[in-house]
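Breakdown of the fold
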Amino acid sequence: MGLSDSLSKFIPKDFGKKKRAAKTPAACSPSKPEPEPEPEPEPAQAGGGRSRQPASSGTPVDAPTGQHALLAGHKKAVSAIAWDASGDQMATGEHGSHMHLWDFTSMDRTFQSWRTLVPAEGQQIRALKYSPASTHLLCATGDPQAKLYSHDGRLVGEFKRGDMYVTDMRKTRGHVAGLAALCWDPRGNSKFATCGMDSTVRIWDCGRTSEQEQVVVAKTRRRGKVAVTACSYNADGSAIASAQHDGGLSVWPSSGPFLRPLQHVEDAHEPSTETSAAEFIGPSMLVSRGGDSTVKLWDLRKMAQPLAVASRLPAAGPEANLALDPSGRWLLVGVEQQQQQQQQQQPSGSASIAVLSASNLSEHQRIGLPLAGGVLSVAWHPELNQIAAGLSTGAVVMLYDSDKSRRGVKLAASKRARPQAAASSSGPIITPNALPLFRQDQQTSSKRRREKARQDPVRSHKPQVPLYGHGRGGAIGANETQHIMKSLIKDTIRDEDPREALLKYAAKAEAEPTFVAPSYKDAPVFDDSGMADEPEMKRRK
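Small disclaimer: the values here were computed from a predicted structure and weren't measured. (Residues numbered from 1 in each chain as written. Predicted model: local features only at pLDDT ≥ 70, side-chain atom pairs only at ≥ 80, totals over all residues. Heavy atoms only, no water.)

Right, let's get into unusual backbone geometry. P257 follows G256 through a cis peptide bond whose omega is 0 degrees. Mapping P257 onto the fold places it in the loop between β16 (249–253) and β17 (263–265). Of note, S199 is a non-glycine position whose phi angle comes to about 70 degrees, a positive value. As for its position among the elements, S199 is in the loop between β11 (191–196) and β12 (200–205). Given the relative accessible area of 4%, S199 is considered buried. Even without glycine at this site, R407 takes up a positive phi of about 50 degrees. As for its position among the elements, R407 is in the loop between β28 (396–400) and α3 (409–413). (Helix = DSSP H or I, 4+ residues; strand = E, 2+ residues; numbered from the N terminus. Buried < 20%, exposed > 50% of the residue type's maximum accessible area, 1.4 Å probe, protein only.)

Parts of the prediction with low pLDDT should not have their coordinates interpreted in detail. Looking at the protein chain, the pLDDT average stands at 81 and 78% of residues meet or exceed 70. The model gives residues 21–57 a pLDDT under 50, and that stretch makes 62 contacts with residues more than four places away or in other chains. (pLDDT = per-residue confidence, 0-100. Contact = heavy atoms within 4.5 Å.)

Below, the discussion takes up a nonpolar patch on the surface. On the surface, a cluster of nonpolar side chains totalling about 410 Å² of accessible area is made up of I484, M485, L488 and I489. Structurally, I489 can be placed in the loop between α5 (480–488) and α6 (498–503). On the basis of relative accessible area, I489 is assigned to the exposed category, the value being 55%. (Patch = residues over 30% accessible without salt bridge, like charges linked within 9 Å, V, L, I, M, F, W, Y side chains within 5 Å. Areas by Shrake-Rupley, 256 points an atom, 1.4 Å probe, with all protein chains shown as cover. Salt bridge = Lys/Arg side-chain N within 4 Å of Asp/Glu carboxyl O.)

This part covers the pattern of salt bridges. Applying the stated rule across the entire model yields 16 salt bridges. Residue E121 pairs with R448 through a salt bridge whose shortest N-O separation is 3.8 Å. You can see E121 sitting in the loop between β5 (115–117) and β6 (125–130) and its partner R448 sitting in helix α4 (residues 446–455), a full 327 residues away along the chain. By relative accessible area, which is 40% here, E121 ends up partly exposed. Given the relative accessible area of 47%, R448 is considered partly exposed.

Pairing within the open sheet is antiparallel, and its four strands lie in the order β2-β3-β4-β5. Strand pairing shows two members of the sheet lacking a second neighbour, β2 (78–83) and β5, which therefore form its edges. Sheet twist, expressed as the average angle between the axes of neighbouring strands with direction ignored, equals 20 degrees. Bridge count for strand β3 (residues 89–94) against strand β4 (residues 99–103) is five bridges, and the pairing is antiparallel. Bridge assignment links M90 to a residue of β4, and that residue is W102. (Pairing = 2+ DSSP bridges. Axes fitted to C-alpha atoms, helices over the stretch in contact; angles between N-to-C directions.)

With respect to the helices and strands, the residue D84 is situated in the loop between β2 and β3. If we skip the residues at most four places from it in the chain, D84 touches Q89, Y130, S134, H151 and H381. Polar side-chain contacts of D84 include one of 3.3 Å to the backbone nitrogen of D88. (Polar contact = N/O pair within 3.5 Å; in protein donor to acceptor, adjacent residues only side chain to side chain.)

A few words now on a positive patch on the surface. Residues R170, K171, K219 and R260 make up a contiguous surface patch of positive charge. Following the sequence through the fold, R170 ends up in the loop between β9 (155–158) and β10 (179–184). Here R170 falls in the partly exposed class, since its relative accessible area comes to 44%. (Lys, Arg positive; Asp, Glu negative; His and termini not counted. Charge placed at Lys NZ, Arg CZ, Asp CG, Glu CD.)

Taking strand neighbours across the sheet as the criterion, the four strands line up as β10-β11-β12-β13 in an open arrangement whose pairing is antiparallel. Where the open sheet ends on each side, the last strands, each with one partner, are β10 and β13 (214–217). Each neighbouring strand pair of the sheet contributes to a mean axis angle of 20 degrees, computed without reference to strand direction. In the sheet, β10 pairs with β11 via five bridges, with the strands oriented antiparallel. In the sheet register, C183 faces β11, and the bridge partner there is A193.

Turning next to the side chain of S79. Secondary-structure assignment places S79 in strand β2. On the basis of relative accessibility, which here comes to 2%, the residue S79 falls in the buried class. Setting aside residues no more than four positions away along its own chain, S79 makes contact with G93, E94, H95, I125, R126, E319, L376 and S377.

Two descriptors summarise a pair of aromatic rings, namely the distance from one centre to the other and the angle between the planes of the rings. One pass over the full model with this rule turns up four aromatic pairs. A centroid spacing of 6.5 Å and a plane angle of 45 degrees characterise the contact between W83 and F104, whose relative ring orientation is tilted. Within this pair, whereas W83 is found in strand β2, its partner F104 is found in the loop between β4 and β5, the two being separated by 21 residues in sequence. Of the two residues, W83 and F104, both sit in the buried class. An aromatic cluster of three or more residues is present, and its members are F159, W184, F192 and W204. (Phe/Tyr/Trp six-rings, centres within 6.5 Å; stacked < 30°, edge-to-face > 60°.)

What follows is the structure, encoded as structure tokens:
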């Protein structure tokens, strides 16, 4: 009797113990991405990881390098570049404490910034970040206080500075040393994280500037504190990566607890070199850039050894960053000028950007820039398909393609420069307040105004306080009885005529000459003989 097909599928065909295949979720899939059609890198070296080998063939890099534009305005090295989501506005910061805002919609081919700000006088700018909705701009400087600006550059808030005399960093309400980096929480538009030289990562809320929400204290095997030089959120905001000055690399849960990190690597980079960047690539990959001229790729599930290492990529400064292309396949790394001259891959004195594969850090292209200096900061905007590079010489180079790029600096390059107003033929107009004689230099810093007033003996003189009780130091003391008697006894000597006051003692002086010396015995008290020729009314006065 045969079984039907619908019933036979429920009857087992095999018997005995069988191995169950493990189900691997997507988040825990093998960390190695799909192989690309490119040459295989060399075997791992003694340092752990693969050596960097420039690829002569394979998938081409679709980088917008056809044309370039130069944005002038900075005097010192450009350490930070931030682009808003639309790409219409860009912010750049320098080591000279100046922040420039660039509006490409109103810019012409002269490429001038529309606003210049000084977040902290005398402090270099370390990081700039727009919020996910581009409504606010965060600025981190060498000062412990982060600054929050609106989209048009108006200062919205200044976050709390901690008490430097408190040794437990969890008890302070803010950073007690200079900031190094910051990053926004991608899950909203109000929370962000900052890291600084006080060995902490602090999580803040934009609506609460008086105190941070959470404090993460960096772990180190060495004695004392260790500076946290870089931090970043992953794509879903569930983890925070931090890099330390001792070469350590940690991954923390963004919602706590913060007693120990999820993953930690000691000596991920050479100690005492500043690890300037730590960025997530996908759900399970992390890339870091150290001051030891290397870029390393890590698997978040097993961070004992890096998956790949790209060496001989010196950073132009402690703020040197990394940038991903819109597809997430390529990694932009700015190269310091000295290394370029040694390798002789670019003309002498030319800056360049190395393009690495995000899967194995093999170099695919070297983008040459027509200027001297090292590339300190770089950004690739996904909507505009344009690249911005900040150089150590103070120049900002914009790379774009006439066919592949849209809006941005391409729109500004098509506008003619506005004609300048003709000079007046009547000569210069000088206002009185502009002359050095009438000009008053206004100090921009309240600290300097206080120091200058302190040196002025008139303005810094402390008024004498009332002295009660016994007098001392040449001052006569006073008490409550004296004040009461002064209010009761009126002094009327000012209302009395001086002549009448003297004449009322004339008869007594003649009878008892004790008030006048013997030499004035025969002299009258008031001699009016010289007024004999004066009128009667005048003599009465």
